[in-house]
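The primary structure of each chain is shown beneath.
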Amino acid sequence: MSNQIIFKGASEMPEISVSLGHMDWNKTGAWRTQRPFYEDKTAPCNAACPAGNDIVSFIQKIDQGDVEGAWSLVQEENPFPGVCGRVCFHPCESKCNRGRFDEPIAIHALERFVADFASQRSRKVEKISTQEKEKIAIIGSGPAGMSCAYHLARLHYHATVFESYPLAGGMLRMGIPSYRLPKDVLDREISNIEALGVEIRTGIPIGEKIQMEALSDYQAIFIATGAHMSRGLKIPGEKGRGVLSGLDLLKKINLTGKAKVGERVAIIGGGNTAMDVARSVIRLGKKATVLYRRSREEMPAFEEEIVEALEEGVKIRYLVNPIGIKEKNGLKRLECLRMELGEKDESGRRKPEPVPNSNFFVEADSLIVAAGEEIETSFFPKGIGKKEGIILTQMDGRTAVEGIFAGGDVATTQRTVAYAIGSGKKAAMAIDCHLRGKNSEEAIRQILIGDGPSLSIFRYLNPGERPKSPHIVDFEELNMDYFEPSKRQGEKERPLRERKKGFGEVTATLTKEAALMEGERCFSCGTCNECENCYIFCPDASILKREGKIFHQVDYDFCKGCGVCFVECPRRAISLEEEAR
Amino acid sequence: MSPQGHFPGGGGAMKKVITGNQAVAYGAILSRVDVVSAYPITPQTTIVEELSELIASGRLRTKFLKVESEHSAMAALIGASTGGVRCFTATSSHGLAYMHEMLHWASGARLPIVMVNVNRAIGPPWNIWSDQSDSLSQRDTGWIQLYCENNQEVLDTILQAFRIAEWGKLPVMVVLDAFVLSHTSEAVEIPTLEEVDQFLPPYLQEYAIDTREPMAFSVIATPDYFLEFRYKIQRAMEEVPQIAKKVDDEFKSRFGRGYGAIERYGKEGAEVLLMTSGTVTSTSRIVIQKLTEKGVSVAGIKIKRFRPFPSEELHEAIRGAKKLAVIDRNLSAGVGGIFAQELRASLYSREERPPVFGFISGLGGRDITPELIEEAIHYTWEHPRPEEEILWLGLKK
Amino acid sequence: MKKMEIPLSENLGHGHLACAGCGAAISMRLTLKALGEKTVLIIPASCWSIIPGFWPYSSYRVTAIHAGFVTGGATASGVRAALDVRGDRETLVAVWAGDGGTFDIGIQALSGAAERNEDFIYICNDNEGYMNTGTQRSSATPFLAWTTTTPVMQPKENPKKDIMAIMADHQIPYAATATVAYPEDLFRKLEKAKKIQGTRFIHLLSPCPPGWKISSELVVKISRLAVRSRVFPLYEIENGRTYTLQEESHVVPVKEYLKLQGRFSHLKEEDIRETQRRVDDAWERLLRRARC
């Protein structure tokens, strides 16, 4: 009963003060000086992911036991979870708030689990209709190009990808060894993209088989040719026999499964390519020594790569800089200088200074140069701006030529798979804006995750849905009373001896049990996961439920604004503001 | 005492020589009381003991809560009565005083609880003997008060009390004198359970606990409504004379004994009327008989019902009397005898206001002898008006 | 993410008059959910005589009987007797009394009922003072706390009465402590109590924002700190003899608990040390009792 009961006289009243109604009419909401409201916020992992994954949400799906749902969620932003789960440098985990409590969530392992699990279920991906829309040409079938094609297809465009090699995948196939990224995983995710209706034309290098001009019947072009030219050392003897480029070696192994190198192999470089080469050499049964001109701390390779390489027997010599290559009796003799670390350079790393008169020789049967990659520019149309080895682009991927966009390694110095995937997505969106006459910079601003630069195409396609405040939830804002320290579930490594024998995958995907356990560790920063603390602790029964579930509504008729829900939400999914009066 | 003998069942009523306290116990059991909750205090103790035995015999479903104080005794009954069952307790003197807060609660909650109070003095000094100050101190608590002259009346009044309480929705206190009645044996006719069942229907209450229709009882009431709740209690009290008369009449027709709110006895047209309550009345009957034979124009009024005060009945009964004498076995210090005070108040609005001679005697069990009663009557006869507000009988000055 | 399953029915409705963030309102709401509709709740004088509202309304959606201050144990005994006489053994009789109505003025009736092992659940909603009448001290007020009758110049000089020890020594079948911040624990204990016959006693700590001088939003946090600082450990006593002390993995110094409360803001360093010493001492005593 919510109506007020008024008695006009004693004769209407009962003999005793027994209750005749409830207090529903008393709207205690009028007492409030502050009001709580549900507001999902951005998790630091989401903000840190260059590919724009909604990590918190897909982990929530795993928690609910809905792995297929998790896969669908990931697919909204990123068609390559199987790839990223294996090769991404996971900046998300560095920003994970759990890392300030015990250990960060093994997000990459969960992403990989979702991809592998879904593949076992042989999910069917359906073709999307493209009747109405324009045709887009994408040059390069690496992560940037394929991501762009994927999202364009979802935007109902007809996307054609031109790939110079006989197989699609770009660096994912050519540059990353199978023990890190098995080919079947890559093939599976590429075919998922093709199944949407994307056309991939392999064996067609632009600039040779087809000229840029021939692409004029495409309404937009996305250049994503990557950086797959090996950078030279510019030292004498580099062009000699037996000096290989690391990228070439990896390509050979990735395309044919084998390659020929000498017994002792010296590898010059300190990045992931150098590590990949060294570890591949081990698997070919040979000895590998890496020569790097700075110290271990400055090596740009992923830490895990370095650790695994050392475990597998790769030797690394630090502060060594080759200055010349000679040959003697079939052996390579590499003249090197010792280095010492001086001031920091632009990259923030201490600059290596040669130690005078410290020359010495390193002997090897094969020499491999893996000292960085450069872009191929020969086919670029006139007017494309370049600077310091990359194509110049606007914030949305536009080049100086109208209708031509660029992304991935060719347009940035941030050379990671995740970044490439993110840039392909952004370009797809920018191309859509360009063709539909929308302001792309404004559109991008609307869909940034946190402060950016990552963005969510889900929000572009479904404006107003899953709203999230750009505020990034900090560890201090969480309530640790609801969590107990627990062990992080990492992927199990195969035994060393087995690993080195071939190019089979080094680690195993998490089991479902392990994935569930790891998923449970996630704080779900900023996103309600229906723990119902708010409902349990509300003194005024003002957290509403519908059909037994929270539906993120506060009963403002009765909420007194005590703020208990705000404090007891473990993940800061509730905000508190002053009550306007 | 064999339990079987108390409930003859198929047989007729029996006559037994029992004490007042035993009569109380019979009265409660015959009324099929459901919950008894009591704490012992002299001279009530044999009630509690008697009840324990009768209940332990198991013939009835009665529960006896042996609580740890009188306040708790009444609180427990308030709980039980709200729970929708018939409730009973007994106490005296200090115990009654301890219950005071809960007496207000019982009447405010309109619960038909019946309680026997054995009139005993309240100390200090400690005193365990007959005195009406305890029950009369509670006259503002909203309880109906009925006084008894003999053990038969005690048993009968208890049976009537449940009926009056449940009809009028007010609690009832049945009062008897310490030791003079409580521990004195008299012949009492004890009806059978079946006979009482005919007279006293099963317990029914308008508002009782029912978890299918949850309610809150005794909810706080603001000044907006409190006045009206109290008004309703007063109205209920105003209905009691009629209700009590109907009950008494019915009782009389079934059992052959009726008591009325008051009883006037003696010669018609007497000039002096002596008013007493409790066992003093028995002595007064003999004295008045004797004096009447000697030619003194005196008759007597026994006051049975003190609350609500029987103004109407008294005004009828005192018609033609020139002087009224009251013997109070109680004292409200600063004012005097309480029966006298209430009588004077009740007479104030009338045209005919005979003088009231307020005698106080018998406090703390002092015997009110025939001599003292004669002295009171003579004083009244000889003086046009009382020379003092309070006339002390038998005081050793 | 395991979610606590609690019954949906709101047996304490909204629109009630409790202060914003009232710890007892959270306790009452959860308790009434656990006890269910077949309950008669007896409420001796306390905040809960007022909070449900004025006649003719009441927020209670279970049967409730407001009773005199002194009378929790006695009224409940009477109600239980009446229900038994009526043949109803299903309806649960429960008392919801404050610390005043349990530790002080109500202790006689409670002790009497416990000695008779009367069949009801007695819940003492302890906010550590006579809060309804404006925050005067009770024997449940902790050592050195401010109240209106233990002002800052002369704060409470005596330690809190150990009501659990008192109840245990009545040899009642079940006694347990519980508090707002541990709702699953509270539910578990109420469910357990429901299945036991005889006198069952729950000592429920409910922080009071105005009385403890705390910000309303910290009510649950402070309740949790009371447990973690061992000021209010969670445990159960069965038949006065068998103790089950609940593990606490996050023990904190009592300072963490005191520093959030205005009623302790006048405490000096030596007072805090003394308080810590007493807390440690009380914990040792509890451990010893538990081992016997």
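Residues numbered from 1 in each chain as written. Chains lettered and ligands numbered in written order. Predicted model: local features only at pLDDT ≥ 70, side-chain atom pairs only at ≥ 80, totals over all residues.

Chemist: With reference to specific residues and values, describe the overall build of chain B.
Modeler: Across its full length, chain B carries 14 helices and 16 strands. Relative to the compact-globule value of 21 Å for 397 residues, chain B shows a C-alpha radius of gyration of 21 Å, a close match. Here the C-alpha coordinates of chain B stretch approximately 65 × 55 × 45 Å along the principal axes. Sorting the 397 residues of chain B into buried and exposed places 53% on the buried side. (Helix = DSSP H or I, 4+ residues; strand = E, 2+ residues; numbered from the N terminus. Rg over C-alpha atoms; globule rule 2.2 N^0.38 Å. Buried ≥ 20, exposed ≤ 12 C-beta atoms within 10 Å, placed from the backbone.)

Chemist: Could you give an account of the sheet that holds strand 10 (residues 287–291) of chain A, naming the residues involved and the relevant values?
Modeler: Residues and elements named next belong to chain A. The five strands lie next to each other as 8-16-9-10-11, forming an open sheet whose pairing is parallel. Pairing within the sheet leaves two strands with one partner each, and these edge strands are strand 8 (243–245) and strand 11 (315–317). Neighbour to neighbour, the strand axes of the sheet diverge by 25° on average, direction disregarded. Sheet strands in contact with helix 10 (residues 246–256) are strand 8, strand 9 (264–268) and strand 16 (366–369), and its direction is about 70° off that of strand 8. (Pairing = 2+ DSSP bridges. Axes fitted to C-alpha atoms, helices over the stretch in contact; angles between N-to-C directions. Contact = placed C-beta atoms within 7 Å.)

Chemist: Outline the packing of helix 13 (residues 417–436) of chain A against helix 14 (residues 440–447) of chain A, supporting the account with residue identities and numerical values.
Modeler: Residue and element names in this part refer to chain A. It is at 9 Å that the axes of helix 13 and helix 14 come closest, and there the two elements cross at 135°. Here helix 13 lies oblique to helix 14, going by the angle between them. As for how helix 13 packs across helix 14, the hand of that crossing is right-handed. Touching Lys426, Met429, Ala430, Cys433 and His434 of helix 13 are Ser440, Ala443 and Ile444, all from helix 14. (Parallel < 35°, antiparallel > 145°, perpendicular 65-115°, else oblique. Left-handed = near helix turned anticlockwise from the far one by under 90°.)

Chemist: Kindly report on the nonpolar core, identifying the contributing residues and their values.
Modeler: Formed by 242 residues in total, the largest nonpolar core has its most connected members in Val174(B) and Val326(B). In contact with Val174(B), other than residues within four places in its own chain, are Val114(B), Val116(B), Leu146(B), Cys148(B), Val154(B), Thr157(B), Ile158(B) and Ala161(B). Formed by 139 residues, the second largest nonpolar core is a distinct cluster that contains Ala227(A), Ile391(A), Val410(A) and Ala427(A). (Core = buried A, V, L, I, M, F, W, Y, C linked by C-beta atoms within 7 Å.)

Chemist: An account of the interface of chain C and chain B is needed here, citing residue identities and associated values.
Modeler: Residue-level contacts link 38 residues of chain C with 37 residues of chain B. Counting only elements with at least two residues in the side of chain C that touches chain B, the list comes to strand 1 (39–44), helix 2 (47–50), strand 2 (63–67), helix 3 (72–85) and helix 5 (107–115) of chain C. In terms of residue count, helix 3 of chain C provides more of the side of chain C that touches chain B than any other element does, eleven residues in total. Its residues assigned to classes, the side of chain C that touches chain B comprises 20 nonpolar, twelve polar and six charged. Judged from the two bridges that link them, strand 9 (residues 216–217) of chain B and strand 2 of chain C form a sheet pairing that is parallel. Opposite Phe217(B), over in strand 2 of chain C, you have Ile65(C) as the bridge partner. (Nonpolar A, V, L, I, M, F, W, Y, C, P; charged D, E, K, R; others polar.)

Chemist: An account of the environment of Asp540(A) is requested, with residue identities and associated values reported.
Modeler: Checked against the element boundaries, Asp540(A) lands in the loop between helix 18 (533–537) and strand 22 (543–546). Spatially, the C-alpha atoms of Asp540(A) and Met429(A) are 46 Å apart, while their sequence positions differ by 111 residues. In contact with Asp540(A), not counting residues within four places along its chain, are Thr28(A), Phe558(A), Cys559(A), Lys560(A), His14(C) and Ala25(C).

Chemist: Describe the interface of chain B and chain A, naming the residues involved and giving the relevant values.
Modeler: Contacts between chain B and chain A engage 15 residues on the former and seven residues on the latter. Broken down by secondary-structure element, the contributors of at least two residues to the side of chain B that touches chain A are strand 9 and helix 10 (223–255) of chain B. Its residues assigned to classes, the side of chain B that touches chain A comprises ten nonpolar, one polar and four charged.

Chemist: Please provide a residue-by-residue account of the sheet that holds strand 1 of chain C, values included.
Modeler: Taken together, nine strands build an open sheet; the order of strands is 9(B)-2(C)-1(C)-3(C)-4(C)-6(C)-5(C)-7(C)-8(C) and the sheet is mixed. Two strands lie at the open edges of the sheet, namely strand 9 of chain B together with strand 8 (242–245) of chain C, each paired on one side alone. Strands strand 1, strand 2, strand 3 (92–98) and strand 4 (120–126) of chain C of the sheet are contacted by helix 3 of chain C, whose axis makes an angle of about 170° with strand 3 of chain C.

Chemist: Explain the confidence of the model for chain C to me, using residue names and the numbers behind them.
Modeler: With 99% of its residues at a pLDDT of 70 or more, chain C has an overall mean of 96. Per the prediction output, this complex has pTM 0.91; the corresponding ipTM is 0.96. (pLDDT = per-residue confidence, 0-100.)

Chemist: Let's hear about the pairing of strand 3 (residues 135–139) of chain A: which residues, and what values?
Modeler: Residues and elements named next belong to chain A. Within strand 3, four of the five residues are buried, leaving the element largely enclosed by the surrounding structure. Sheet topology places strand 3 next to strand 4 (residues 158–162); five bridges connect them, and they run parallel. Within strand 4, the residue paired with Ile138 across the bridge is Val161.

Chemist: Which residues make up the domain arrangement of chain B, and what values go with them?
Modeler: Residue and element names in this part refer to chain B. Partitioning chain B into structural domains gives domain 1 (3–255) and domain 2 (263–392). Taking only C-alpha atoms, the centre of domain 1 and the centre of domain 2 are 28 Å apart. At the junction of the two partners, domain 1 supplies 25 residues and domain 2 supplies 22 residues. Put simply, the parts of the chain that give the side of domain 1 that touches domain 2 at least two residues each are helix 7 (133–137), strand 6 (144–147) and helix 10. Looking at side-chain class alone, the side of domain 1 that touches domain 2 contains 14 nonpolar, seven polar and four charged residues. (Domains from an automatic or database assignment.)

Chemist: I'd love a proper account of the environment of Ala400(A), names of residues and values included.
Modeler: Residue and element names in this part refer to chain A. With respect to the element layout, Ala400 can be found in the loop between strand 19 (390–391) and strand 20 (404–406). Owing to 15 C-beta atoms within 10 Å, Ala400 belongs among the partly exposed residues under this scheme. For Ala400 and Ile6, which are 394 residues apart along the polypeptide, the C-alpha to C-alpha distance reads 78 Å. In this structure Ala400 touches Gly383, Ile384, Gly385 and Leu392, once residues within four positions along its chain are discounted.

Chemist: Got a sec to walk through helix 13 of chain A? Specific residues and values, please.
Modeler: Residue and element names in this part refer to chain A. An ideal rise of 1.5 Å per residue puts 28 Å on 20 residues; helix 13 measures up with 29 Å between its terminal C-alpha atoms. By the criterion of burial, helix 13 is predominantly enclosed, with 17 of the 20 residues buried. Where helix 13 ends, the next residue or the one after it, Gly437, has phi of about 70°, a positive value. (Expected span 1.5 Å × (residues − 1).)

Chemist: Report on unusual backbone geometry, specifying residues and quantitative values.
Modeler: Negative phi values dominate among residues other than glycine, just as trans dominates among peptide bonds. Residue Pro43(B) follows Thr42(B) across a cis peptide bond; omega there is 5°. By the secondary structure assignment, Pro43(B) is in the loop between strand 2 (35–37) and helix 3 (45–56). Going from Arg307(B) to Pro308(B), the amide bond is cis rather than trans, its omega being -10°. Relative to the helices and strands, Pro308(B) resides in the loop between strand 13 (305–307) and helix 12 (311–317). In this structure, Glu530(A) is a non-glycine residue whose phi angle is positive, near 60°. Within the secondary structure, Glu530(A) sits in the loop between helix 17 (512–521) and helix 18.

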